[in-house]
Amino acid sequence: MLLNDDLSDVPDPDKDKEGFADYLFDSVSGTLRDRPEAGAWADPPSRATKAELREAIARAREDFQNLRRSLVESDSAFDQLHEWIMTGQPLPDPWRKNFAPLPVPPETRVGSRP
């Protein structure tokens, strides 16, 4: 679960597996969609006073820290979703509705005769 989540909004993974899968998917997509914008470090002033340069550096440091924090949060959310899927839990809705299991070959069906 992400640090800024309201725990009352998180489905119980034991009672609502599909809801929890959807929550994990939404966490990943939300952190990727809501990443901080590039700021001063992407467009520094070409000519500035020392005070303006210090201010630009301070803004750039803050922007970079926000971006790094966002990437760490995205990575954590993806790790949780990956672990959920790899343990055989339900897929999130965007994937579940398009999932079609492979057909079982006749020779591997129970009770089939060669």
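This text goes with the structure placed above it.
This structure is a prediction, so every number in the text was calculated from the model and none was measured.

### Re the nonpolar core
Next up, step 1: Val10, Phe20, Ala21, Tyr23, Leu24, Phe25, Val28, Ala77, Leu81 and Trp84 form the largest nonpolar core, which has 10 residues in total.
Next up, step 2: With six residues, helix 1 (residues 17-33) is the single largest residue contributor to this core.
Next up, step 3: If we skip the residues at most four places from it in the chain, Phe20 touches Val10, Pro11, Pro13 and Trp84.

### Things to note about the pattern of salt bridges
Next up, step 1: One pass over the structure, following the stated rule, counts one salt bridge.
Next up, step 2: Of the charged contacts in the structure, one is a salt bridge between Arg59 and Glu55, with a shortest N-O distance of 2.9 Å. Placement of both Arg59 and Glu55 in helix 2 (residues 50-86) is noted, with a separation of four residues, approximately one turn of the helix.

### Some thoughts on helix 2
Next up, step 1: Between its first and last C-alpha, helix 2 extends 53 Å over 37 residues, near the 54 Å set by a 1.5 Å rise per residue.
Next up, step 2: In the stretch just after helix 2, Gly88 is the one whose phi turns positive, near 85 degrees.

### As for the packing of helix 1 against helix 2
Next up, step 1: As a packed pair, helix 1 and helix 2 sit with axes 8 Å apart at the nearest point and diverge in direction by 155 degrees. On the basis of their axis angle, the class for helix 1 and helix 2 is roughly antiparallel. Crossing hand, helix 1 versus helix 2: left-handed. Of helix 2, the residues touching helix 1 (which contributes Lys17, Phe20, Ala21, Leu24, Phe25, Ser27, Val28, Thr31 and Leu32) are Ser70, Glu73, Ser74, Ala77, Phe78, Gln80, Leu81 and Trp84.
Next up, step 2: Taken together, the residues that form the contact of helix 1 with helix 2 break down as 10 nonpolar, five polar and two charged.

About the cut-offs
- Residues numbered from 1 in each chain as written.
- Predicted model: local features only at pLDDT ≥ 70, side-chain atom pairs only at ≥ 80, totals over all residues.
- Heavy atoms only, no water.
- Core = buried A, V, L, I, M, F, W, Y, C linked by side-chain atoms within 4.5 Å.
- Buried < 20%, exposed > 50% of the residue type's maximum accessible area, 1.4 Å probe, protein only.
- Helix = DSSP H or I, 4+ residues; strand = E, 2+ residues; numbered from the N terminus.
- Contact = heavy atoms within 4.5 Å.
- Salt bridge = Lys/Arg side-chain N within 4 Å of Asp/Glu carboxyl O.
- Expected span 1.5 Å × (residues − 1).
- Axes fitted to C-alpha atoms, helices over the stretch in contact; angles between N-to-C directions.
- Parallel < 35°, antiparallel > 145°, perpendicular 65-115°, else oblique.
- Left-handed = near helix turned anticlockwise from the far one by under 90°.
- Nonpolar A, V, L, I, M, F, W, Y, C, P; charged D, E, K, R; others polar.

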